[in-house]
Amino acid sequence: MTDTSRPRPAVEARGLHRRYGPPGPGGFEAVRGLDLGVAPGELFALLGTNGAGKTSTLEVLEGLAAPGAGEVRVLGLDPLRDRAALRPRIGIMLQEGGFPGELTLAETGRCWAGLTTGARAVDEALDLVGLLPRRAVRVKQLSGGERRRLDLAMALLGHPEVLFLDEPSTGLDPEARASVWRLIRDLRAAGTTVVLTTHYLEEAEELADRLAIMHHGRVVTGGTVAEVLAAHPARIGFELPERTGANAALELPALPGTSTELDGRRVLLRTPDLQGTLTELLGWAARHRVELARLDARSASLEEAFLAIAAAGSAGGAPSAPAAGPAPAAGPAPTRIGRAA
Ligand SMILES: Nc1ncnc2c1ncn2[C@@H]1O[C@H](COP(=O)(O)OP(=O)(O)OP(=O)(O)O)[C@@H](O)[C@H]1O
């Protein structure tokens, strides 16, 4: 039965494969059975290691390349077969725009607007990315970050319903990056569906409603940032006081599902239940009048999740389910710490 309560995805791929070169050992399969769905108005980030297949995937979604196998739909249309109908409704920012260096920004905009249905005013598009004061400058005179912003302005010329951004903030200084993030957020707030690739995990954490992490042509894990992080343990670090005499040895409480690493007086706990473990630990410390110096408790970061996935992949094939973090080794047995009495 079809679920009619959920809107049809604005962007969807099912069983997508993309191959470079001939079949067999002479070729290379860059995308290996990828499924994804992006809801209308959603901001979706595609992350992954170098060569994971992000650009190869994006190019198929954009209608710039044919899938080797599988099905792709954007706004319900086939990006290749229905290209004429779809092209005016999407905006594309490639990894490199490649606009002619001799043209000024205003001329570039006019040329591009001539090819775009319902284009907004060129100056308005340049203003959106902070390049209006540079409108009379030639493209070849722009810095790398300014070129990135010109690429974005041209992608926005046609009021796209779906915007594909391939590494939109690469090469931008922190201020320019912050203003591009603001612009992307505004576009999303106005209902634009955005699919972006990025190497900046902070960018995905800041912007994305949902994300997927690719490795070796497959989506290894995906969901909201919270869902992705839930598969990775939180960390609690602290330092125990120097102890003497009969109090030299202490037993930490049994903390189910938590692993414990000791390095002198420094203790590192890894736990799937940050609040529960922290509550137990603080109760234990209060009962034993133990001061936990340099106490630091934090959820897993997207960077830790990403590195765990990359490491799992390098160590013999990435997992196909949400990747587990560093394995919690210890069971609920208490851990003896400190010098023996
Ligand atoms: N034209 C091509 N011919 C052969 N192999 C290619 C071609 N383009 C890409 N590849 C290979 O396909 C794989 C995926 O490349 P792709 O550019 O999609 O990765 P990516 O995730 O976007 O990487 P990055 O983060 O480095 O931009 C890589 O191993 C790359 O070398």
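Residues numbered from 1 in each chain as written. Predicted model: local features only at pLDDT ≥ 70, side-chain atom pairs only at ≥ 80, totals over all residues.

Novice: Please explain the overall build of the protein chain as it appears in this structure.
Specialist: Looking only at helices and strands, the protein chain features 10 helices and 15 strands. Counting only residues that meet the buried cut, the protein chain has 36% of its 341 residues in that class. Partitioning the intrachain contacts of the protein chain with sequence separation of at least 6 by distance along the chain shows that 72% fall at a separation of at least 24. (Helix = DSSP H or I, 4+ residues; strand = E, 2+ residues; numbered from the N terminus. Buried ≥ 20, exposed ≤ 12 C-beta atoms within 10 Å, placed from the backbone. Contact = placed C-beta atoms within 7 Å.)

Novice: I tried to follow the sheet that holds strand S9 (residues 218–223) on my own but got confused; where do I start?
Specialist: Sheet strands line up and pair through hydrogen bonds in the backbone, either parallel or antiparallel. Pairing is mixed in the open sheet, where 6 strands are placed in the order S5-S6-S7-S3-S8-S9. Looking at strand neighbours, the two that pair on one side only are strand S5 (90–93) and S9, the edges of this open sheet. In this sheet, neighbouring strand axes are inclined to one another by 15° on average, regardless of whether the strands run parallel or antiparallel. Bridging between strand S6 (residues 162–166) and strand S7 (residues 193–197) involves 5 bridges; their strand directions are parallel. Paired with Asp-166 across the two strands is Thr-197, which belongs to S7. Against the sheet, helix H5 (residues 144–155) contacts S5 and S6, and its axis sits at roughly 165° relative to S5. (Pairing = 2+ DSSP bridges. Axes fitted to C-alpha atoms, helices over the stretch in contact; angles between N-to-C directions.)

Novice: How should the sheet that holds strand S10 (residues 234–239) be read in this particular structure?
Specialist: Taken in spatial order, the 4 strands of this open sheet run S12-S13-S10-S14, and their pairing is antiparallel. Because the sheet does not close on itself, it has two edges, and the strands there are strand S12 (259–263) and strand S14 (293–298). Averaged over all pairs of adjacent strands, the angle between strand axes in this sheet comes to 10°, irrespective of strand direction. Here S10 pairs with S14 via 4 bridges, running antiparallel.

Novice: Would you mind going over the site of the ligand with me for this structure?
Specialist: Around the ligand, the neighbouring residues are Tyr-20, Phe-28, Ala-30, Gly-48, Asn-50, Gly-51, Ala-52, Gly-53, Lys-54, Thr-55 and Ser-56. Of all the secondary structure elements, the ones that give two or more residues to the shell around the ligand are strand S2 (28–38) and helix H1 (54–61). The element that contributes the greatest number of residues to the shell around the ligand is H1, accounting for 3 residues. (Near = placed C-beta within 6 Å.)

Novice: It is not clear to me how the nonpolar core should be interpreted in this structure. Could you clarify?
Specialist: Generally speaking, soluble globular proteins have nonpolar side chains that are buried together. Judged by nonpolar contacts, the single largest core of 72 residues is most densely connected at Ala-45, Leu-47, Leu-61, Ala-153, Phe-164, Val-195 and Leu-211. Of the domains in this structure, domain 1 (11–223) and domain 2 (229–337) are the two that each give at least three residues to this core. Contact partners of Ala-45, with chain neighbours within four places excluded, come to Leu-196, Thr-198, Ala-204, Leu-207, Ala-208 and Leu-211. (Core = buried A, V, L, I, M, F, W, Y, C linked by C-beta atoms within 7 Å. Domains from an automatic or database assignment.)

Novice: Looking at this model, I keep getting lost on the UniProt feature "domain: ABC transporter" (unreviewed entry) in the protein chain. Mind explaining?
Specialist: In this numbering, the UniProt entry assigns the feature "domain: ABC transporter" (unreviewed entry) to residues 11–241. Between the C-alpha atoms that bound residues 11–241 the distance is 55 Å, and the span itself is 30% helix and 28% strand. (UniProt positions renumbered as here; feature names shortened; annotations may be inferred.)

Novice: Help me understand the confidence of the model for the protein chain in this model?
Specialist: One rule of thumb: low pLDDT means the predicted coordinates there are not for detailed reading. The predicted model of the protein chain averages 86 in pLDDT, with 88% of residues at 70 or higher. The low-confidence segment residues 336–341 (pLDDT under 50) makes 20 contacts with residues lying over four places distant or belonging to another chain. Reported for the predicted complex are a pTM of 0.81 and an ipTM of 0.97. (pLDDT = per-residue confidence, 0-100.)

Novice: Mind showing me how you'd approach unusual backbone geometry here?
Specialist: Excluding glycine, most residues fall at negative phi; most peptide bonds, likewise, are trans. Phi at Glu-167 is positive, roughly 50°, even though this residue is not glycine. Structurally, Glu-167 can be placed in the loop between S6 and helix H6 (174–189). Even without being a glycine, His-216 presents a positive backbone phi close to 50°. Inspection of the secondary structure puts His-216 in the loop between strand S8 (210–215) and S9.

Novice: Help me understand the pairing of S5 in this model?
Specialist: Within a regular beta strand, the side chains point alternately toward one face of the sheet and then the other, so they alternate between its two faces. Residues Ile-90 and Ile-92 of S5 are buried on one face, and the alternating residues Gly-91 and Met-93, pointing to the opposite face, are buried as well. Relative to S6, S5 is paired through 4 bridges, and the arrangement is parallel. The residue of S6 that forms the bridge with Ile-92 is Phe-164.

Novice: I would appreciate a short explanation of helix H3 (residues 105–114) in the present structure.
Specialist: The α-helix winds at 3.6 residues per turn, so residues separated by three or four positions along the chain end up facing the same way. All of the buried residues along H3 are Leu-105, Thr-108, Gly-109 and Trp-112. Looking straight down H3, one finds its buried side chains confined to an arc of 100°; they lie on one side. (Arc of directions from axis to C-beta.)

Novice: Explain the environment of Val-139 to me, please; I cannot follow it from the model alone.
Specialist: Residue position: Val-139 is located in the loop between helix H4 (122–128) and H5. A C-alpha to C-alpha distance of 13 Å links Val-139 and Glu-96, two positions 43 residues apart in sequence.

Novice: Help me understand the environment of Ala-300, please; the structure alone is not making it clear to me.
Specialist: One can find Ala-300 in the loop between S14 and helix H10 (302–314). With 21 C-beta atoms packed within 10 Å, Ala-300 lands in the buried category. Through-space distance from the C-alpha of Ala-300 to that of Leu-274 is 9.8 Å; in sequence the pair is 26 residues apart.

Novice: Help me understand the pairing of strand S3 (residues 43–48), please; the structure alone is not making it clear to me.
Specialist: The buried fraction of S3 is high, at 6 of 6 residues. The alternating pattern of S3 places Leu-43, Ala-45 and Leu-47 on one face and Phe-44, Leu-46 and Gly-48 on the opposite face, and all of these are buried. In this structure, S3 lies alongside S7, joined through 4 bridges in parallel fashion. From the neighbouring strand, Leu-46 faces S7, where its bridge partner is Thr-197.

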